[in-house]
Each structure stands twice: as structure tokens, then as C-alpha cells.
Amino acid sequence: MNSKLKIETLLEESYQSRINNLNLSIELATNALLLCVDPSYDSLKAKTFSRLSLYYMITGKYDESFNLAQKSLSIYEKLKDERGIAETKFNVASIYYKTNDVQTSVVLLIDSLVVFKKHNDYQNISKCEKALGSIYEFTGNEQKAITANKNAIVAAKKANDLNLESNALNNLSSIYLKNNNIDLAKEFIENSISLKSKTNDLRGLAFSIYGRGKIFLEQRNYIEAEKCFLKAIEIHLEMNEKFGLAMAYNKLAKLYLEDNKNDLAKKYSSTGLDLCNYFNISIVKVKILYLIYSIYKKEKNLTKSLEFLEIYIEEKDKVFNAQNFKVIENYDLLIKMQSMQKDAEFQKERNLLIRKNNKSEQLSKVRQEFLSTMSHEIRTPLNAITTIASMLTDEKNRNDTSLIDTLTFSSNHLMQIVNDILDYTKIDLGKITLDFQPTEIKEFLNNFYNTYDIQAREKSIEFKLITDSNLAKTYFLDTSKLTQVLGNLVNNAVKFTDKGTITLELAVTSKTPENDKILFKVSDTGIGIEKENLKLVFDSFSQLKSGITRKKDGAGLGLSIVKKIIELYKSDIHIESIVGKGTTFSFELTLKKSELEQDDEIKTSEVTIDGLTVLLAEDNQINAMIAMKLLSKWNIKTDHAKNGLDATEKSKEKKYDLILMDIHMPVLDGFEAAKNIRTLQNLNTNTPIYGLTADIAAKDNADYNIYFDDFLLKPIEIEKLKRVLINK
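Residues numbered from 1 in each chain as written. Predicted model: local features only at pLDDT ≥ 70, side-chain atom pairs only at ≥ 80, totals over all residues. Heavy atoms only, no water.

Considering the packing of aromatic side chains
So, point 1. Counted under the stated rule, the structure contains 16 aromatic pairs.
So, point 2. Ring centres of tyrosine 278 and phenylalanine 279 lie 4.7 Å apart, and the angle between their planes is 75°; this geometry places the pair in the edge-to-face category.
So, point 3. Tyrosine 278 sits in the exposed class, given a relative accessible area of 67%.
So, point 4. Since its relative accessible area comes to 13%, phenylalanine 279 is described here as buried.
So, point 5. Ring plane angle 5° and centroid distance 5.0 Å describe the contact between phenylalanine 520 and phenylalanine 587, whose orientation is recorded as stacked. One end of the pair, phenylalanine 520, is in strand β5 (residues 515-524); the other, phenylalanine 587, is in strand β7 (residues 582-592), and 67 residues separate them in sequence.
So, point 6. Using a relative accessible area of 0% as the deciding quantity, one classes phenylalanine 520 as buried.
So, point 7. Assessed through its relative accessible area of 1%, phenylalanine 587 is described here as buried.
So, point 8. Here arginine 18 stacks its cationic end above the ring of tyrosine 15, 3.8 Å away from the centre of that ring.
So, point 9. Above the plane of the ring of tyrosine 15 lies arginine 51, whose end atom (NZ or CZ) is 4.3 Å from the centre. (Phe/Tyr/Trp six-rings, centres within 6.5 Å; stacked < 30°, edge-to-face > 60°. Buried < 20%, exposed > 50% of the residue type's maximum accessible area, 1.4 Å probe, protein only. Helix = DSSP H or I, 4+ residues; strand = E, 2+ residues; numbered from the N terminus. Lys NZ or Arg CZ within 6 Å of the ring centre and 35° of its normal.)

Structure, rendered in C-alpha cells:
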């Protein structure tokens, strides 16, 4: 057994022994202290001093107890251990309470209780509440005493500590006894004794038997009361419990006084007084002095009775002076003041955080506005280029093929760079989410392959696509985001591979009835990445370097965005690379299988969109012309509104099957136009409205997105637009 474990074991054994063998507790704790020689054991050393302080306090050695507590407190303060400090303060509070400084005791108990509540330390909360309840009882504030002891019981039950519950029940019994509620007092004390019998807490049992004796005394059942007090004295002597012993001597003397056995009353009161004087147990000493005064008064010994009355008054003033009562009576105020102070500190901190947050929100708003403006200004002309290129692809002749393919590739490449910059900003603002749609995985992969195979063949590189036969037919995918991920990885592979092969491989690693876990791998036979640079490749604006240090083209955001998108899938991306041999990126996605059936596909393909009427709100004449030409290819009739106000007016004149709404328009923007159409009387309040915009932040406008069915981004994704028209 190592030293630390041995110390902890000794301390635990010593604490358990305190209920029936205090001498053994002191011996075990002393042995633990001898082992606390290593500075790394300072926390255990402080705990050992604190435990020894408790044991010496029980035996009435208050000076030794106080000195040990100070040593414990010094170490805990050095370690900044607030719970340790609170536990030690509780021990010191108990010393002050039993001697002659109730005021300091209350203050220390308050400090400790606040810390224990902060940490939900129910065991120590119970101890503090019970101790405060005892002080309230001694000072006559019975209502607060009841409340404190009930709080102690609640905390004890939460801590599942029967001994602490029994202690508070004993206190409550005493209070109800003083209020002449004997039945309730008896019920509480019997419950207390029952719990002590279960826990084998012999020392605590003596206090409970003493409590039972007080009830018998109140009932003037002197025989049973005497038995209880003598039994309590016997146990306290055995356990070396000085405070409990003094209390029992006092009550036994009171019993004999009532039973007209003055000699025995003098004997036990004198014994109790000697004990209190020797061990400075002031709180009990006051009671015994009053009892001795009563004995001499009963005997009509005026000199002696006056002598002890004066001593009693003097001692009582020491313990219960006006200042003490002021502190005790304002206990709740002290708690509130401390709470208010804490609240003030928290409020100050909160205000600081609010100011910082407001500044952050202002910066975020500026970035959001920049994002919105830039996406609109850059993507709007790009929309024209890419859409025209896409439309020309369907009509190209053999002579135009090379030029159109180049135009398509270049415009798509430029759009990818723009998307990287704008999407990075959007992700950074936390404004991006995944949009899952049923997708045929192999059709998606084949389309992706055909797009990037052109790049690979231009460098005489082989591009392989390897798929697992266990793949389901359809999954819920965000094809745009997955294309962005795979596109960036393959694009990088093409950049850094001059010969050999690039491979995109998919493998099903696990299956459930609802989901498949799919491993995606993109590997190349390129130049590789130095080991020291592997951790940098996902950094924002970081560009990989070739072997001759020439930076490749790109914004340096691709891999950073890849990582962030994969994190949206609650996954991670991994990289392996050997310089001169190549690099492999891999990640796993858990994809939900789509319930799209073949019949649904046939049904969708049979749906005609011929003859539909569409209202297109678009201020850019080129984009309007392109969109209308695209729609006319599908035999769709389109009315053009040049701004939001024009769109609002047209919606009053004619019923449309669909409204495509640009956002950034003069006179009246698309947000307000959509709101007008939805809320003002017109023929299209229930017509589907789709935002058709280059502003990637548009759909995040919470004030207006409720007026839209969804948003379509420019450049127009032709298949997605067609799907919207089919499913309108």
C-alpha cells in the first residue's frame, strides 16, 4: 500500500472510530500525520490536522484543538482549498461556541455554510445548520432553531447520513419540549435513538439518551430520568466526551434539586462546574451557575445565592452580550448581505461579459453584413457565367466543346474559391447547417467523378472511383456540402500530384436497419506532406507547399472548411502522408438511408411542369434574362418584376404557381416584398415563395424567413430548381 493510500485509510478509520473510541481515533490520525512528510501530501496533512482538531475538541482539549485547526487552516489557505478552509472553520466555530465566543462561532458557521452550499456538500451543510440551531436554542430564538434543525435533517437525508439526521432530531425534541409539546418531543427523541442504534454511534447515542432523560424530567418521572442521565454520563466518561458530560451533570443536578435531594444536587453541580472551569465549557457553565444559585436560594443561603447569582450574571454577559445577540438575531441579514455581495460581484462580471458580448455581436453583425454584401456582389455576376455555361453545354457543337468545357471548369473553379471564402465566414459565424435530401449515392458519385476526371486527365493523372457493393441505393445527403468536402480533397490531390493515381474510395464499415457508417478515403501518389506540417494543413488561410516551395493556387481555406463541415456531421477527418509517396485523407459519416422508392422516382419523373406560371422578382437584367430563358426551356410562363414593389403589385393582379424572389433589390427588397405578399390582400398569399439569391446569409434572417418556403442560391442549381417546380 502506498503512503497516500495508507494516510487516507488511517484518516477514514479514525473518523469512523470517533463514534465509539476517540482514543483510537487520535492514535490513528497521529499515525497518519507521521506519514505526511512529502510536500505533495500537504492536502492530506491539512485534513489530518483538521481531524485531530475535531477529536481534541470532543475531549475538551480546546487549546490543543484550536492550535491544530490553525495549522490546518494555514495549509488549506496556501492551497486555496475553500472547502478545506470551511471544514476547519467549522471546527473552530464549535470551539468558540462551547467556550465563550458565540458571536465568532456564528460568523464562522455562516462562512462555512455558504461554501458548503456552493459545493452541495450536504453532510457539512447538515452539521452547520444543526450547530446554528443549537445556538438559536441557547439564545431563545426557537423559531429559527426549528428552521435550522429542519434544514439540517433535509441535508442529512440528501447525504444519506443517519447520524446527522439523528442529531438534528435530538435538537428538535429539546425545542418542542421547551414549548410543552411533549408528544412531539418524545416522537423525535425516540426516532433519534432508533437511528443511533442502527449506526452504532455510541457517543451520539449518549446525547440521545440524555434527550430522553429531559422528557422524563419534564414529566417528573425522576426514576427514569435518573437512569437516562446516569447512562449518558457512563458513556460520556467512557468516550471522554467532556461537553456532553457537563450537560448530563447539569441535568442530573437539576433532577435532584427538583426531587429535594439537595446534597446530590450540590455534588453533581459542583462536579459539573469543575469540569466546565477546567475545560472552559462556558455555554454549560452558565447553566450550572444558575442551578447552584437556585440550590442556595432554595436553602435560603442568601450569601451563597447572591455570590453565585453575581458570578452567573458576569459569565452570562461574557457569553451572551448585546453584540452577540445582535449578530445572532441578524443571521439572516448576514446571509443576505453576503449573498448580495456575491450577487453584486456576479452582476459586475455579468455586465462586463454583456459589454464584451455586445461588442462581439456588433463585430459579428458587421461581418454578417459584409458576408451578405460580398456574396451578393460576387455571386451575382458569377451566376450569369455559370448558368450560361451550363445552358450552352446542352446546345454545344463539336467545335465549341473545348471552349465551353474550359468556360464551365473555370467558372466552377472560381465559384469554388468564392464559396470557400464565403462559407468559411458563415461557418465561423455559426450560421451554416446541413440540408439533407434523399440522394442516389452512386448517381451523385458518378456526377462528381465526371466533373473532376477532366481535371485529372488534363495532368495525365488517373482518377479512380471505388465504391462498396454494400452501399444502399439512396441516403439523406447534403450534396452541396459533401461535394464541397470531396471537391476540396480531390482538387488538392490534383494540385499536388504530377503523376500516378488519385483514388476516391467508399467502404461501408457498419450497418443498421436505419443507418450506414461509410468510410470516405481520398488518396494520391503526390509529393506528400512533411510530418511537421501535418498539424497545419487544416489551419485557416494555410497553403500546402510543393517540394520546391512554390505555393499552389487557392485561398488556403479549403481544408479548414472541410474539417468544419465534417464536424457538422459530428465526425473527424484524419490525414496520413509520406513525403514523396502521397497523402490519404479519410473520414467516416453516419448516413441515414432514404426511404425513396423506385415508384416515387417514376411518379416524380412523370410529373410535368409544362404551362406553370412563375413570378420572377429580379433587378439584375442579365440574371433575369438567364433565368427566364432557363424556365422557358421547360415551357414555363414567366412574368418579370424588376423590384420588390413591382412584385407586390403583380401578385395582386394574377395567381402564380411559384414566386422566385431575389433579396437585394431597389425600391423594396425581397424580404419586405415576401412579407407583403404573405400578409396583404392579394391572389398569392398561399403561393410558394422561394428566395433566389446570391446572398448566402439571407435564410438566416429570422425576422423574414417565415415568409419564404425555402431559399435557392445563385448560381442556380438547375436540378434543384427543377425539383422545386415539380414539388411546388
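A word on the environment of leucine 205
So, point 1. Residue placement: leucine 205 occurs in helix α11 (residues 202-218).
So, point 2. Sequence separation of leucine 205 and isoleucine 193 is 12 residues, and the distance between their C-alpha atoms is 6.3 Å.
So, point 3. Residues within four places of leucine 205 in sequence aside, it is in contact with Ile193, Lys196 and Ser197. (Contact = heavy atoms within 4.5 Å.)

Section: the pattern of salt bridges
So, point 1. Per the stated rule, a full pass over the model turns up 22 salt bridges.
So, point 2. Taking the shortest distance from any N to any O, the salt bridge between glutamate 241 and arginine 203 comes out at 2.6 Å. Remark: arginine 203 occurs in helix α11 and glutamate 241 occurs in the loop between α12 (222-239) and α13 (242-258); sequence separation between them is 38 residues.
So, point 3. We classify glutamate 241 as buried; its relative accessible area is 1%.
So, point 4. Connected via shared salt-bridge partners are Lys511, Asp516 and Lys593. (Salt bridge = Lys/Arg side-chain N within 4 Å of Asp/Glu carboxyl O.)

Considerations on helix α1 (residues 3-17)
So, point 1. A rise of 1.5 Å per residue sets the reference length of α1, with its 15 residues, at 21 Å; its end C-alpha atoms lie 21 Å apart and thus fit the reference within 8%.
So, point 2. Of the positions making up α1, those classed as buried are Ile7, Leu10, Leu11, Ser14, Tyr15 and Ser17. Axial view of α1: buried residues confined to an arc of 165°, hence all on one face.
So, point 3. Of the surrounding secondary structure, the elements contacted by the buried residues of α1 are α2 (22-35), α3 (42-58) and α7 (122-139). (Expected span 1.5 Å × (residues − 1). Arc of directions from axis to C-beta.)

Considering the nonpolar core
So, point 1. Ranked by internal contacts, the top residues of the largest apolar core, which has 102 residues, are Tyr55, Leu109, Phe243, Ile281 and Val284.
So, point 2. Sort the elements by how many residues they give to this core and α13 lands first, with 11 residues.
So, point 3. Once residues within four sequence positions are removed from consideration, tyrosine 55 is found in contact with Leu11, Ser14, Tyr15, Arg18, Leu22, Ser25, Ile26 and Ala29.
So, point 4. Counting residues in each nonpolar core, the second largest holds 43 residues, with Leu434, Ala472, Leu477 and Tyr569 among its members. (Core = buried A, V, L, I, M, F, W, Y, C linked by side-chain atoms within 4.5 Å.)

As for unusual backbone geometry
So, point 1. If you check the backbone angles, arginine 220 has positive phi at about 60° while not being a glycine.
So, point 2. Position of arginine 220 among the secondary structure elements: in the loop between α11 and α12.
So, point 3. A positive phi is found at asparagine 240, a non-glycine position, where the angle reads about 65°.
So, point 4. For asparagine 240, a relative accessible area of 22% puts it in the partly exposed group.

Here's the deal with the environment of isoleucine 441
So, point 1. With respect to the helices, strands and loops of the structure, isoleucine 441 is situated in helix α20 (residues 441-458).
So, point 2. Setting aside residues up to four positions removed in sequence, isoleucine 441 forms contacts with Ala472, Lys473, Tyr475 and Leu477.

Considerations on the sheet that holds strand β6 (residues 573-578)
So, point 1. The strand order β2-β4-β5-β7-β6 describes an open sheet built from five strands, whose pairing is mixed. Two strands bound the open sheet, and with one partner strand each, they are β2 (462-466) and β6. Here the average twist between neighbouring strands, direction ignored, is 15°.
So, point 2. Of the strand pairs in this sheet, β5 and β7 are connected by nine bridges, and their pairing is antiparallel. Pairing of lysine 517 across the sheet is with threonine 590, part of β7.
So, point 3. The sheet strands contacting α20 are β2 and β4 (501-511), and the helix crosses β2 at an angle near 165°.
So, point 4. Where helix α21 (residues 479-495) meets the sheet, it contacts β2, β4, β5, β6 and β7, and its direction lies at approximately 20° from that of β5. (Pairing = 2+ DSSP bridges. Axes fitted to C-alpha atoms, helices over the stretch in contact; angles between N-to-C directions.)

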